[in-house]
Amino acid sequence: MRQFAFLLFLFLFVPAAVFSDEKKSAVPVPPALPVPSIKEAAEKDPYLYKEIAFFLRALAIVRENYVDKDKASDEKLLKAALRGMLQELDEFSTYEAPEQFKAIREDTAGRFAGIGLTLSQRGRAVQVVSVVDGAPAQKAGLLPGDVLTDVAGKPVAKMTFQECVSMLKGAPGTRVTVRVYRRKTDAFQEFTLTREIIRIPSLRGVRIIDGKFGYLRITNFSNPTAADLDKVLAEFAEKNVKGIIIDLRNNPGGLLSAAIEVCSRFLKKGELVVYTEGRSARAKQEFHAVEAKKYLDVPLVLLVNGNSASAAEIFSGCLQDHNRAVLLGTKTFGKGSVQTMIPLPDQGAIRLTTAKYYTPSRRVIHGRGITPDIIVPMTPASEAALAMRLNTAPGEVYAENGRGVKDIQLERALELLKGVTLFMKNRNIE
C-alpha cells in the first residue's frame, strides 16, 4: 500500500515547469503554474489522506482480483486513473504519455510524420477540423467535418482522444487505415494512407485579384507565420493594393505567439490582442501588440467558418473588436481555452485546462465562437468541395459530381472591398 501511495503522490504533486516551445518569440510566455508539495496539499485538505486511502483500497481490489493480471499492473492502473481523472474535467485535459509528449513538441516545429489531419473532439466524436494541403489525407479525399469511427481497425469510441491522434502518426512510409462517417453523403468511407513527413506551410494561395486586391490564406499559426506574412504584405504594398482578404477558413489555430505577432501587423503597438483568466492569479495574462512593420490603413476582410478555431479565433476576434477588419462567413468553432503542459518524471506530461481566452471587449471564445459581421452560409456540399480547392481563383466554377460550385464567400468579400474602395474614392480619401 505504501508503494501505491508514493506513486500516486508522485503523479499528482511533483513540482514541474510549464512546457513552452516559443523560446524565440517576442511574446511573453505565461509563467509556470503553482504545483503544491505533498505537505502543502495535505495542509490545505486534511481529508486528503482519507480520500486517498479510499482510492487505494479500490485500486488494491482491482489489482488482486481483475481477471487479466497483465492489465492490472501498478503502472497501468495508476496511469489509467490519472487519465480518467483528467478526462472527467473536460475533453482537452489529459495525460500525455512520453511518446505523445515528444510528438507534440515535434508538431509545434511545423514538421511531423503522419497523414495531415487536424482533429478535435466534440463530445465523444472525433472530427476532422482541417486537412493539410498536399498531405496524404487530402490526396485520398478526406474532408473537414468527417467523423473518425475507426483507426487501424480499432473503434475510436474506445480510445482517448490522444490515443486516436497517436495511432494516426508513425514512421514515414508506413500505412494506416481509417474509417470515417461523412454527413454530407450519410455514409461510411474507408481510406488507407501512407504516412509522410508533413510540412505545414503557413500561407497559401497568395495572389492579386482584379489588379487591386490582395488575397492570402493562413493555413495555421506557427513560428514562421509572421515572417512569411511580412514578405507578402510588403509585396502587396509595392503593388498598391486597395484592400486585403485574409482567408482563415479551416484554420485550426496554432501558437498563441504567432497569432499575437500577426495581429501586431494591423494594430498599434500596445493595443490589447487577447487576455486569459483562470482560477490562479498567474493564469490572468494580457497580451498586447508588439513592435512590427505596421499596416494600419489598408482595408481588411477576414473569411471564417465553423472550422476556424483557436488562434484563428483569437486573431479574428481581436481585429473585429478593434474595428480593424470585417469578418465574413459563418460562426467559428469555439475553441478558446488554455491548455498548460506540465512535464512529469516519466517524460510524459499533464495537459491541463487552466484558463480561457477573452477578446479585447471581454467576449469569451470557448464554447461560443466568433460571429462574423456578415453571415454568408454555404451548403455542406459547397464547403466540402471548396475544402479541396481553396486555392481556386475567385468566382471560378469547377465541377464536382457534374455540378458547378462557386466560392460565394470569397466573391462577397471581393464585392465588399470594391464597395469600400469606391466609397473612399468618392470621399477623396484614396
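Residues numbered from 1 in each chain as written. Predicted model: local features only at pLDDT ≥ 70, side-chain atom pairs only at ≥ 80, totals over all residues. Heavy atoms only, no water.

Student: Got a minute to help me understand the overall build of the protein chain in this structure?
Tutor: Secondary structure summary: the protein chain contains 12 helices and 21 strands in total. Of the contacts formed within the protein chain by residues at least 6 apart in sequence, a portion of 68% connects residues at least 24 apart. About 21100 Å² of surface is accessible on the protein chain, with carbon and sulfur atoms providing 53% of the total. (Helix = DSSP H or I, 4+ residues; strand = E, 2+ residues; numbered from the N terminus. Contact = heavy atoms within 4.5 Å. Areas by Shrake-Rupley, 256 points an atom, 1.4 Å probe, with all protein chains shown as cover.)

Student: Looking at this structure, I do not really get a nonpolar patch on the surface. What am I missing?
Tutor: A cluster of nonpolar residues, V62, Y66 and V67, forms a patch on the protein surface that exposes about 290 Å² of accessible area. Of note, Y66 is situated in the loop between α3 (48-65) and α4 (74-87). The class of Y66 is partly exposed, set by a relative accessible area of 41%. (Patch = residues over 30% accessible without salt bridge, like charges linked within 9 Å, V, L, I, M, F, W, Y side chains within 5 Å. Salt bridge = Lys/Arg side-chain N within 4 Å of Asp/Glu carboxyl O. Buried < 20%, exposed > 50% of the residue type's maximum accessible area, 1.4 Å probe, protein only.)

Student: Would you mind showing me how to read helix α7 (residues 161-168) here?
Tutor: Along an α-helix, a turn takes 3.6 residues, which lines up residues three or four apart on a common side. Taken together, the buried positions of α7 are F161, Q162, C164, V165 and L168. Taken around the axis of α7, the buried residues stretch over an arc of 155°, which confines them to a single face. (Arc of directions from axis to C-beta.)

Student: Looking at this structure, how should I read the environment of F287?
Tutor: Structurally, F287 is set in strand β14 (residues 285-288). Among the residues examined, F287 registers a relative accessible area of 2% and is labelled buried. For F287 and V274, which are 13 residues apart along the polypeptide, the C-alpha to C-alpha distance reads 5.5 Å.

Student: What should I look at first to understand the nonpolar core in this one?
Tutor: Here is a general trend for soluble globular proteins: nonpolar side chains tend to be buried in one another's company. Counting residues in each nonpolar core, the largest one holds 44 residues, and the members touching the most others are F221, I246, F266 and F315. The set of elements that each furnish at least two residues to this core consists of β11 (213-218), α8 (225-238), β12 (243-247), α9 (256-264), β13 (272-277), β15 (300-304), α10 (311-321) and β18 (349-358). (Core = buried A, V, L, I, M, F, W, Y, C linked by side-chain atoms within 4.5 Å.)

Student: Whenever I open this one, the pattern of salt bridges confuses me. Can you help?
Tutor: Note on pairing: side chains with opposite charge can pair once their charged atoms come close. In this structure the tally under the stated criterion is 15 salt bridges. K71 is the partner of D68 in a salt bridge, and the nearest nitrogen-oxygen pair spans 3.8 Å. Relative accessible area serves as the criterion here: at 30%, D68 is assigned to the partly exposed category. Residue K71 is classed as partly exposed on the basis of its relative accessible area of 48%. Where K79 meets D346, a salt bridge forms, and the shortest distance between an N and an O atom there is 3.2 Å. Within this pair, whereas K79 is found in helix α4, its partner D346 is found in the loop between β17 (337-343) and β18, the two being separated by 267 residues in sequence. Given a relative accessible area of 12%, K79 falls into the buried group. Judged by relative accessible area, which is 23%, D346 ranks as partly exposed. Members of the salt-bridge network, linked through shared partners, are R63, E64 and D74.

Student: Teacher, can you tell me more about the sheet that holds strand β19 (residues 374-375) here?
Tutor: By way of backbone hydrogen bonds, the strands of a sheet pair with one another, either parallel or antiparallel. Across the sheet, six strands lie side by side as β10-β11-β12-β15-β16-β19; this open sheet has mixed pairing. This sheet does not close on itself; its edge strands, each paired only once, are β10 (203-209) and β19. The pairing of β15 with strand β16 (residues 326-329) spans four bridges and is parallel. In the sheet register, L303 faces β16, and the bridge partner there is L328. Together, β12, β15 and β16 form the strand contacts of α10, whose direction differs from that of β15 by roughly 140°. (Pairing = 2+ DSSP bridges. Axes fitted to C-alpha atoms, helices over the stretch in contact; angles between N-to-C directions.)

Student: So what exactly am I meant to see when it comes to the confidence of the model for the protein chain here?
Tutor: Segments scoring low in pLDDT should not have their predicted coordinates read at a detailed level. Looking at the protein chain, the pLDDT average stands at 83 and 82% of residues meet or exceed 70. Across residues 1-29, confidence stays below pLDDT 50; counting only partners more than four residues off in sequence or on other chains, it has 69 contacts. Every residue in residues 391-402 is under pLDDT 50, and counting partners more than four places away or in other chains gives 28 contacts. (pLDDT = per-residue confidence, 0-100.)

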